[in-house]
Amino acid sequence: MNLKISESPPGWIKLKKLKLLKTIGNEFLYFKRNPPSLSDDEGIDNLSSLNCINLSGLNNIETIGNNFLYNCQSLISIDLSQLNKITSIKDYFLYHCSALTEIKLSPKIKTIGNDCLIQCIKLKELDLSGLNNLITIGNNFLGHCYSLETIDLSGLNNLITIGNNFLGHCYSLETIDLSGLNSLESIGNNFLYKCSALKSIKYNSKIGNIINNVKYPYLKNINTTELWDIRNTVPALGRVERIL
């Protein structure tokens, strides 16, 4: 099914059986906006059969609004890497996309809102190292991604703020690379909460100082190099084998 979208949103609630959505140039815009954006209130959401989406034609999009692809439980992959003007993703982007296994984000993104990529339970790995323009990550990013094993954040050298519950309840997370976060100033509460499978954490001295200056009872003294201290003071990280 090919769907051409022009100036006004169709009744998405009637399209629950839609499986393929392909953009045609920049005609994916719901309303004529300046700057161009996917609208907040009419975002594509709750399309339970949608498994493929091609956004490659959205060359002028600067913002993804609230609830875009919210609860699209059959969506397998999404590629935003070619959207060279996009700078902002608002709240609930890809929330509860339980079949999602692959995502590529644009390197131009500066802000990611709250509750994005929550409960993507089949996502196993994520490489965000190319997002060197990213400044802010909102609350609950990648929370409850139970299958996530590896995430690379090493190139996020301009990231300043990470919100609450970052990577919380990612029970399969084994490795994380924070070494490139040279500009980071704050991490919210419950960072890496209940990530009990962690084996390797790579970070710089600044990250260690930030963690030790905030009350993370399950990450206390994480910058120590002594495994005995880690296992006795951080019960939730009992499987950690090395701190790099």
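Residues numbered from 1 in each chain as written. Predicted model: local features only at pLDDT ≥ 70, side-chain atom pairs only at ≥ 80, totals over all residues. Heavy atoms only, no water.

### Some words on the packing of aromatic side chains
Under the definition given, this model contains seven aromatic pairs. Between the aromatic rings of Tyr 146 and Tyr 171, the centroid separation amounts to 5.5 Å while the plane-to-plane angle is 5°, which identifies the pairing as stacked. In this pair, Tyr 146 sits in the loop between β10 (136-137) and β11 (150-152) while Tyr 171 sits in the loop between β12 (161-162) and β13 (175-177), placing the two residues 25 residues apart along the sequence. Members of the aromatic cluster, connected to one another through ring pairs, are Tyr 70, Tyr 92 and Tyr 95. (Phe/Tyr/Trp six-rings, centres within 6.5 Å; stacked < 30°, edge-to-face > 60°. Helix = DSSP H or I, 4+ residues; strand = E, 2+ residues; numbered from the N terminus.)

### Comments concerning the confidence of the model for the protein chain
Low pLDDT means the predicted coordinates in that region are not meant to be read closely. Predicted confidence across the protein chain gives a mean pLDDT of 75, with 67% of residues reaching 70 or more. Counting interchain partners and residues more than four positions distant, the pLDDT-below-50 stretch residues 1-15 has 34 contacts. Within the model, the stretch residues 23-37 combines pLDDT values under 50 with 53 contacts to residues more than four positions away or in other chains. (pLDDT = per-residue confidence, 0-100. Contact = heavy atoms within 4.5 Å.)

### Things to note about the layout of surface pockets
What the largest pocket holds in volume is close to 160 Å³. What lines the largest pocket is a set of 13 residues, among which Ile 53, Asn 54, Ile 78, Asp 79 and Leu 80 lie closest to the centre. Residue assignment for the lining of the largest pocket shows that the elements contributing at least two residues are β3 (52-54), β5 (77-79) and β7 (102-104). The element contributing the most residues to the lining of the largest pocket is β5, with three residues. A class-by-class count of the residues in the lining of the largest pocket yields five nonpolar, five polar and three charged. (1 Å grid on protein atoms, 1.4 Å probe; cavity = no way out; pocket = protein on both sides within 12 Å on 5 of 7 lines; lining within 4 Å. Points joined across faces, edges and corners; volume = space filled by probe spheres on them. Nonpolar A, V, L, I, M, F, W, Y, C, P; charged D, E, K, R; others polar.)

### Focus on the state of the cysteines
Considering all chains together, one arrives at zero disulfides under this definition. Not part of a disulfide, Cys 97 finds its nearest cysteine sulfur in Cys 72, a span of 5.3 Å. Note on Cys 116: no disulfide assigned, nearest cysteine sulfur contributed by Cys 120 at a separation of 9.8 Å. Taking the relative accessible area as the measure of exposure, Cys 116 reaches 0% and is therefore buried. (Disulfide = S-S within 2.5 Å. Buried < 20%, exposed > 50% of the residue type's maximum accessible area, 1.4 Å probe, protein only.)

### Section: the pattern of salt bridges
Summed over the entire model, instances satisfying the criterion amount to one salt bridge. A salt bridge links Glu 102 to Lys 104; the nearest nitrogen and oxygen atoms lie 4.0 Å apart. (Salt bridge = Lys/Arg side-chain N within 4 Å of Asp/Glu carboxyl O.)

### Looking at the side chain of Ser 88
Its location among the elements puts Ser 88 in strand β6 (residues 88-89). At 3.2 Å, the side chain of Ser 88 forms a polar contact with the side chain of Thr 111. Excluding residues within four positions of it along the chain, Ser 88 makes contact with Glu 62, Thr 63, Ile 64 and Thr 111. (Polar contact = N/O pair within 3.5 Å; in protein donor to acceptor, adjacent residues only side chain to side chain.)

### Points about the nonpolar core
Within the largest apolar cluster, 59 residues are counted, with the highest numbers of intra-cluster contacts made by Ile 78, Phe 93, Leu 94, Ile 103, Leu 105 and Leu 167. Look past the residues within four positions of Leu 105 in its chain and what remains in contact with it is Leu 80, Ser 81, Ile 89, Phe 93, Ile 112, Leu 128 and Leu 131. (Core = buried A, V, L, I, M, F, W, Y, C linked by side-chain atoms within 4.5 Å.)

### Brief notes about a nonpolar patch on the surface
On the surface, a cluster of nonpolar side chains totalling about 260 Å² of accessible area is made up of Ile 121, Tyr 146 and Tyr 171. The class of Tyr 171 is partly exposed, set by a relative accessible area of 38%. (Patch = residues over 30% accessible without salt bridge, like charges linked within 9 Å, V, L, I, M, F, W, Y side chains within 5 Å. Areas by Shrake-Rupley, 256 points an atom, 1.4 Å probe, with all protein chains shown as cover.)

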